[in-house]
Amino acid sequence: MVLTEMKDLILTLLRNGVLIPLMLAGFVSLLIIITIKIKSSNVKVFLVSIIAIFIALFLYEGYFPVASLIHSNKEMIPSTFSKIDNENHPILGYSPPLQGEYLQRYTNWKNEITENMCTIKNHLRTTPNSNLRSQKNLLVFGCSFMFGFGIDDNSTLPFFINQQSQNAFKVFNHGMIGYGTHQMLAQIEHLVPKEISVLNTDNLALYWFLPDHIRRAAGYSSWDRYGPRYEINNSLEYKGSFTKFKESKLRRLTQMVLDQSKIYRNLYLKPKFNRKATTYDVQRASAIIAKSNQLLNDLNTQFYVLVWDYPFEVNLALQNPDDLNLFLSELKDAQVNIILFSDILPYEEYEKNKHLYTLNEQDSHPSPYLNELVAKYLAKIINPQEE
């Protein structure tokens, strides 16, 4: 009981970013007490120097969480809020929980707060109009865009796709916040064969690809240290996880504490994870998608990739933005069905009317309106066969 309460307290302090400042304050207090009791003047001078260093660290580490708390007490409307509990997963690194309902909240462009519920069942986000009796399966993959960050269960892209298809599909939403191309392949290799029947020829799969997924598949995401790692060695090979998955609880707790340190983040995490994708990373991602396409075709499932090809996203993710052309060329060579987002909604229109297509000015996640617009376009391409 006591250990559980201590763990909850530590996690609360971690989430609020105050654990490290408190630890530093405690250490400084201890040094001051020792300094007072020490009689040697030389030792006192040394300890005073050490205390000064740790006070500086305390001020540096403590400023940001305190400033954040002060800022949060001001009258302001939060941008987007979503608290989905993650579970450790031996293959995917992490996944949604087994089940649960979670509050999601976002502030629209009129500064009106919209609160929604996110329902999780069997480690997948629920699609309310999923036809559980149907033999036709719709499998969707991707990150928070496909998952439906900030919005209601009946506002996600798979919901609108099924709505456009007269609720013909049993829907499996494999999207998850922070996922990349590598998680999709791992899901197809280990989870999908258990979900669908290969005897059915009306299965459809859709992956909403963002250029940043290339970085994620290369292990450049600080939140995804235990995700599946794939490398090209003549052919694409699974190499385990980015980091040894079965680490001790103490090691993981230590890592959680370090992650809260601004010094640690600036000196270690930023150089390690804030990297743009190389040409090899691009080739790995296209190989992952090509293999996903092959495996799904073997399961009698037609696979489509929706490519978010807007230039601002490409420039942020790739060292060489022209590598997107290489990426698309390799997918075409692998006979992957590609749908460019710019064909659905030209970039100029998206930029001009962001208030229609995004949650708010600070959050570019898709709005329900954009999801419905995309679903109407996709329905013309991937609509199920008429009986």
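Residues numbered from 1 in each chain as written. Predicted model: local features only at pLDDT ≥ 70, side-chain atom pairs only at ≥ 80, totals over all residues. Heavy atoms only, no water.

## Structural notes on the overall build of the protein
In plain terms, the rule: What counts as a helix is a DSSP run of H or I of at least four residues, what counts as a strand is a run of E of at least two, and both are numbered from the N terminus. A simple rule labels every residue: compare its accessible area, found with a 1.4 Å probe on the protein chains alone, to the largest value its type can have, and call it buried under 20%, exposed over 50%, or partly exposed in between. Contacts were defined at the residue level, with two residues in contact if any of their heavy atoms lie within 4.5 Å. For the accessible areas, the method is Shrake-Rupley and the probe is 1.4 Å, while residue cover comes only from the protein chains on display.
The secondary structure content of the protein amounts to 17 helices and 15 strands. Evaluated residue by residue, the protein yields a buried proportion of 48% over its 387 residues. In the protein, the share of contacts with a sequence separation of at least 24, taken over all contacts with a separation of at least 6, comes to 74%. Carbon together with sulfur atoms contributes 56% to the accessible area of the protein, which is approximately 20100 Å² in total.

## Quick notes on the packing of helix 5 (residues 157-164) against helix 17 (residues 368-382)
Stated formally: Only the stretch in contact is used when fitting a helix axis, every axis being a line fitted to C-alpha atoms; angles between N-to-C directions are given from 0 to 180 degrees. Every angle not falling under 35 degrees, over 145, or within 65 to 115 is termed oblique; those three ranges are roughly parallel, roughly antiparallel and roughly perpendicular. Left-handed describes a crossing in which the near helix is turned anticlockwise from the far one by less than a right angle; the clockwise case is right-handed.
In contact at an axis separation of 8 Å, helix 5 and helix 17 are set at 45° when each is read in the N-to-C sense. The angle between the axes of helix 5 and helix 17 places the two elements in the oblique class. In terms of crossing hand, the pair formed by helix 5 and helix 17 is right-handed. Residues Leu157, Phe160, Ile161, Gln163 and Gln164 of helix 5 pack against Pro368, Asn371, Glu372, Val374, Ala375, Lys376, Leu378, Ala379 and Ile382 of helix 17.

## Section: unusual backbone geometry
Of note, the phi angle at Asn122 is positive, near 55°, even though the residue is not glycine. Topologically, Asn122 is positioned in the loop between strand 5 (113-121) and strand 6 (124-125). Residue class for Asn122 comes out exposed when judged on its relative accessible area of 53%. Backbone geometry at Asn167 places phi at a positive 55°, although glycine is not the residue there. Relative to the helices and strands, Asn167 resides in the loop between helix 5 and strand 8 (170-173).

## Comments concerning the packing of aromatic side chains
The test is simple: Between rings of Phe, Tyr and Trp, where Trp is taken as its six-membered ring, a pair exists when centres lie within 6.5 Å; planes separated by under 30 degrees are stacked, by over 60 edge-to-face, and by other angles tilted. Charges are assigned to positions over rings by a cutoff of 6 Å between ring centre and Lys NZ or Arg CZ, combined with an angular limit of 35 degrees from the ring normal.
Summed over all chains, the structure comprises 20 aromatic pairs. Ring geometry for Phe312 versus Tyr350: centroids 6.4 Å apart, planes at 10°, classification stacked. Here Phe312, found in helix 12 (residues 311-317), pairs with Tyr350, found in helix 15 (residues 347-352); they are 38 residues apart in sequence, far enough to count as distant. A network of ring pairs unites the aromatic residues Phe145, Trp208, Trp308, Tyr310, Phe312, Phe341, Tyr347, Tyr350, Tyr357 and Tyr369 as a single cluster. A cation over a ring is seen here: Lys354 above Phe312, with NZ or CZ 5.8 Å from the ring centre.

## Remarks on the pattern of salt bridges
Going by this rule: Each salt bridge in this description consists of a side-chain nitrogen of Lys or Arg and a carboxyl oxygen of Asp or Glu lying within 4 Å of one another.
All chains considered together, the criterion is met by ten salt bridges. The residue Arg284 makes a salt bridge to Asp281 at a minimum N-O spacing of 2.5 Å. Of this pair, Arg284 and Asp281 both sit in helix 11 (residues 279-298), three residues apart, which is roughly one turn of the helix. When sorted by exposure, Arg284 lands in the same class as Asp281, which is buried. One salt bridge in this structure joins Glu351 and Lys354, with 3.4 Å as the shortest N-O distance. Counted as one network, the salt bridges with shared partners bring together Arg229, Glu231, Asp281 and Arg284.

## A word on the side chain of Asn360
For clarity, the threshold we go by: Polar contacts here mean pairs of N or O atoms no more than 3.5 Å apart (in protein, one a potential hydrogen donor and the other a potential acceptor; neighbouring residues in sequence count only if both atoms are side-chain atoms).
Residue placement: Asn360 occurs in strand 14 (residues 358-360). Assessed through its relative accessible area of 4%, Asn360 is described here as buried. A polar contact of 3.0 Å, which involves the side chain of Asn360, links it to the backbone oxygen of Thr107. Within polar-contact distance, the side chain of Asn360 engages the backbone nitrogen of Asp363 at 2.8 Å.

## Describing helix 13 (residues 323-333)
Basically, it comes down to this: By definition, the arc is the one covered by directions from the helix axis to the C-beta atoms.
For helix 13, the set of buried residues is Asp323, Leu324, Phe327, Leu328 and Leu331. Along the axis of helix 13, the buried residues cluster in a sector spanning 145°; they form a single face. Of the exposed residues in helix 13, the ones pointing more than 90 degrees away from its buried face are Asn325, Lys332 and Asp333. Contacts made by the buried residues of helix 13 are with strand 9 (203-209), helix 11, strand 12 (301-307), helix 12 and strand 13 (337-340). Immediately beyond the C-terminal end of helix 13, within one or two residues, lies Gln335, with a positive phi of roughly 60°.

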